[in-house]
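# Working through the structure, step by step
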Amino acid sequence: VLTPGSPRQQILGFGAAMTDASCYVLSQLPEAERQPIMHDFFAPEEMALNVCRTCIGASDYARSVYSFDESPQPDPELKSFSIDHDKAYILPMLREARKANPELFLFSSPWSPPGWMKPNNSMIGGAMRKLSFEPYARYFQKFLEGYKAEGVAIDAVTMQNETDAEQEGHMPACLWSQEQEIEFVKGFLGPGLRKAGLPTKIWVLDHNYNLWGRALDELSDPAAYEYIDGIAWHGYVGEPTAMTRVHD
């Protein structure tokens, strides 16, 4: 029930995911056909979509499984890091979207770190290796700096799509324990982005309402709370009233 006379929280906006697949499909349209679509989606006087998600590497809606550091061997110095994959059609589509709506807020999420950062050496399934925390924080930083250099600043990141879903080997995924997520945010990602002068917001959890207890625990760590801007929720499991519990 909406009660316009009793405003509470602000709504940042509405949008969808600009995945590898969706950007590729859009890029295949002749410009004369694509421009009216982008206008209808994003222009402030039309649908005015103003919040979109992008993927840091491959998601389940990608043409291939890829990361931004495809080294066959461990590469903690990130010598093989490159965003060239996204330069072909993802970045151009994001630039077009931002041109149609200069206020477009973009947040980005990885479905998996590079395979060499995980014990199973694959982006498909598996869990995060703690020894990879430091290079993974720099991986985020290089992604953000690389996108900014291409004219696409990213406003927020989540550190993992669906932190406790291994997806049974069907798609890029990575398990993160609650303790690992707290440690990564407060000890590596947060300090790294701050030191680099990057204003990108950090959102945690990025999963279902029924994990509201995990959200509370992560926010209860003062050192992590310092860097956490908010909770990213999914609506597959649980009830949205969980957000009220965490808010209260």
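Below: a short report on this structure. (Residues numbered from 1 in each chain as written. Predicted model: local features only at pLDDT ≥ 70, side-chain atom pairs only at ≥ 80, totals over all residues. Heavy atoms only, no water.)

This brings us to the overall build of the protein. Along the backbone of the protein there are nine helices and six strands. A globule of 248 residues ought to have a C-alpha radius of gyration of about 18 Å, and the protein, at 18 Å, matches this closely. Counting over 248 residues, the protein shows a buried share of 48%. Considering only intrachain contacts with a sequence separation of at least 6, the fraction spanning at least 24 residues in the protein is 74%. (Helix = DSSP H or I, 4+ residues; strand = E, 2+ residues; numbered from the N terminus. Rg over C-alpha atoms; globule rule 2.2 N^0.38 Å. Buried < 20%, exposed > 50% of the residue type's maximum accessible area, 1.4 Å probe, protein only. Contact = heavy atoms within 4.5 Å.)

This brings us to the packing of helix α2 (residues 31-42) against helix α4 (residues 90-100). At a minimum axis distance of 9 Å, the contact between α2 and α4 shows a crossing angle of 55 degrees. The orientation of α2 relative to α4 falls into the category oblique. Handedness of the crossing formed by α2 with α4: right-handed. Here Arg34, Gln35, Met38 and Phe42 of α2 come into contact with α4, specifically with Met93, Glu96, Ala97 and Ala100. Here the contact of α2 with α4 is built from residues that sort into five nonpolar, one polar and two charged. (Axes fitted to C-alpha atoms, helices over the stretch in contact; angles between N-to-C directions. Parallel < 35°, antiparallel > 145°, perpendicular 65-115°, else oblique. Left-handed = near helix turned anticlockwise from the far one by under 90°. Nonpolar A, V, L, I, M, F, W, Y, C, P; charged D, E, K, R; others polar.)

Spanning 18 residues, helix α6 (residues 178-195) covers 24 Å between terminal C-alpha atoms, matching the ideal 26 Å at 1.5 Å per step. For α6, the set of buried residues is Gln178, Gln180, Glu181, Ile182, Phe184, Val185, Leu189, Gly190 and Leu193. Its buried side turned inward, α6 meets α5 (133-149), β5 (201-208), α7 (212-219), α8 (222-225) and β6 (228-234). Downstream of α6 by a residue or two, glycine 197 has a phi angle that is positive, lying close to 75 degrees. (Expected span 1.5 Å × (residues − 1).)

Below, the discussion takes up the pattern of salt bridges. According to the stated counting rule, one finds 13 salt bridges in the structure shown. In this structure, the salt-bridge partner of glutamate 96 is arginine 34, at a minimum N-O distance of 2.7 Å. Here the residue glutamate 96 occupies a position in helix α4, and arginine 34 occupies one in helix α2, the gap between them amounting to 62 residues. Taken together, the shared-partner salt bridges in this structure form one network comprising Asp84, Lys87, Arg95 and Glu150. (Salt bridge = Lys/Arg side-chain N within 4 Å of Asp/Glu carboxyl O.)

Now for the pairing of strand β3 (residues 105-109). In terms of burial, β3 is a largely internal element, five of the five residues being buried. Where burial is concerned, the two faces of β3 agree: the one with Phe105, Phe107 and Ser109 and the one with Leu106 and Ser108 are both buried. As judged from the five bridges shared by strand β2 (residues 51-55) and β3, these two strands associate in the parallel manner. Its bridge partner lying in β3, valine 51 is registered against phenylalanine 105. For β3 and strand β4 (residues 156-158), the ladder comprises two bridges, and the chain directions are parallel. Pairing of serine 108 across the sheet is with valine 157, part of β4. Regarding the hand of the β-α-β motif, the stretch spanning β3, α5 and β4 is right-handed. (Pairing = 2+ DSSP bridges. Right-handed = clockwise from strand over helix to strand, strands pointing away.)

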